[in-house]
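What follows is the residue order along each chain.
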Amino acid sequence: QVHLVESGGGLVQPGGSLRLSCAASGTSFSGRTVAWYRQAPGKQREWVASIGSGGTINYTDSVKGRFTISRDNAKNTVYLQMNSLKPEDTAVYFCWQWPVWGQGTQVTVSS
């Protein structure tokens, strides 16, 4: 059975940084696309970033230059480094590898 487990969320002040991790069990991230999504209160879940099997990386416009997605195939883990965080980044962040979702980790950006 495939499980994705996110960690690394928390409360941070505007301008701060967090690094989210997504660890997989029962599957391998190697050779497959993995993505991060987020869902803010009262809003639809939105795509944030993805990393393809060949290393192709894409970001939604609102996080370009601030967020970095990366993968460590040896650890079967994907990361999302988030810098220069803004209050509008507040959301539950989910890891996704088709067709499985993680349970999410809360990120709150507030002073």
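Quick look at the structure, then.

### Here we look at the overall build of the chain
Phase 1: Scanning the chain from N- to C-terminus turns up zero helices and eleven strands.
Phase 2: Along the chain, helices and strands appear, N-terminal first, in the series β-β-β-β-β-β-β-β-β-β-β.
Phase 3: Its C-alpha atoms give the chain a radius of gyration of 13 Å, within 12% of the compact-globule value 13 Å for 111 residues.
Phase 4: With the C-alpha coordinates aligned to their principal axes, the bounding extent of the chain is approximately 40 × 25 × 25 Å.

### Describing the sheet that holds strand β3 (residues 18-25)
Phase 1: Taken in spatial order, the four strands of this open sheet run β1-β3-β8-β7, and their pairing is antiparallel. Each having just a single partner strand, β1 (3-7) and β7 (67-72) make up the two edges of the open sheet. Sheet twist, expressed as the average angle between the axes of neighbouring strands with direction ignored, equals 15°.
Phase 2: Inspection of the sheet shows β1 paired to β3 by five bridges, in the antiparallel sense. If you follow S7 over to β3, its bridge partner there is S21.

### Some thoughts on the nonpolar core
Phase 1: Judged by nonpolar contacts, the single largest core of 27 residues is most densely connected at W36, L80, M82 and Y93.
Phase 2: Those elements giving two or more residues to this core turn out to be β3, β4 (34-39), β5 (46-51), β7, β8 (77-82), β9 (91-97) and β11 (105-109).
Phase 3: Per element, the largest residue contribution to this core is four residues, and it comes from β3.
Phase 4: Residues in contact with Y93, not counting those within four places in the same chain, are E6, L20, W36, Y37, R38, V48, F67, L80, M82, G104, T105 and V107.

### Let's talk about the packing of aromatic side chains
Phase 1: The tally for this structure, following the rule as stated, stands at four aromatic pairs.
Phase 2: Ring centres of F94 and W101 lie 6.4 Å apart, and the angle between their planes is 90°; this geometry places the pair in the edge-to-face category.
Phase 3: On the numbers, 6.2 Å between centres and 50° between planes, the contact of W96 with W101 is tilted.
Phase 4: Members of the aromatic cluster, connected to one another through ring pairs, are Y37, F94, W96 and W101.
Phase 5: Seen from the ring of F94, R45 lies directly overhead, with NZ or CZ sitting 3.7 Å from the centre.
Phase 6: Across from the ring centre of W101, 4.5 Å away, lies the NZ or CZ of R45, which sits over that ring.

### With respect to the pairing of β9
Phase 1: Along β9, six of the seven residues are buried, which leaves the element largely enclosed by surrounding structure.
Phase 2: Note that β4 and β9 share five bridges and pair antiparallel. Pairing of Q39 across the sheet is with V92, part of β9.
Phase 3: When β9 meets β11, the two strands line up antiparallel, connected through three bridges. Note on β11: the bridge partner recorded for Y93 is T105.

Cut-offs and rules
Residues numbered from 1 in each chain as written. Predicted model: local features only at pLDDT ≥ 70, side-chain atom pairs only at ≥ 80, totals over all residues. Heavy atoms only, no water. Helix = DSSP H or I, 4+ residues; strand = E, 2+ residues; numbered from the N terminus. Rg over C-alpha atoms; globule rule 2.2 N^0.38 Å. Pairing = 2+ DSSP bridges. Axes fitted to C-alpha atoms, helices over the stretch in contact; angles between N-to-C directions. Core = buried A, V, L, I, M, F, W, Y, C linked by side-chain atoms within 4.5 Å. Buried < 20%, exposed > 50% of the residue type's maximum accessible area, 1.4 Å probe, protein only. Contact = heavy atoms within 4.5 Å. Phe/Tyr/Trp six-rings, centres within 6.5 Å; stacked < 30°, edge-to-face > 60°. Lys NZ or Arg CZ within 6 Å of the ring centre and 35° of its normal.

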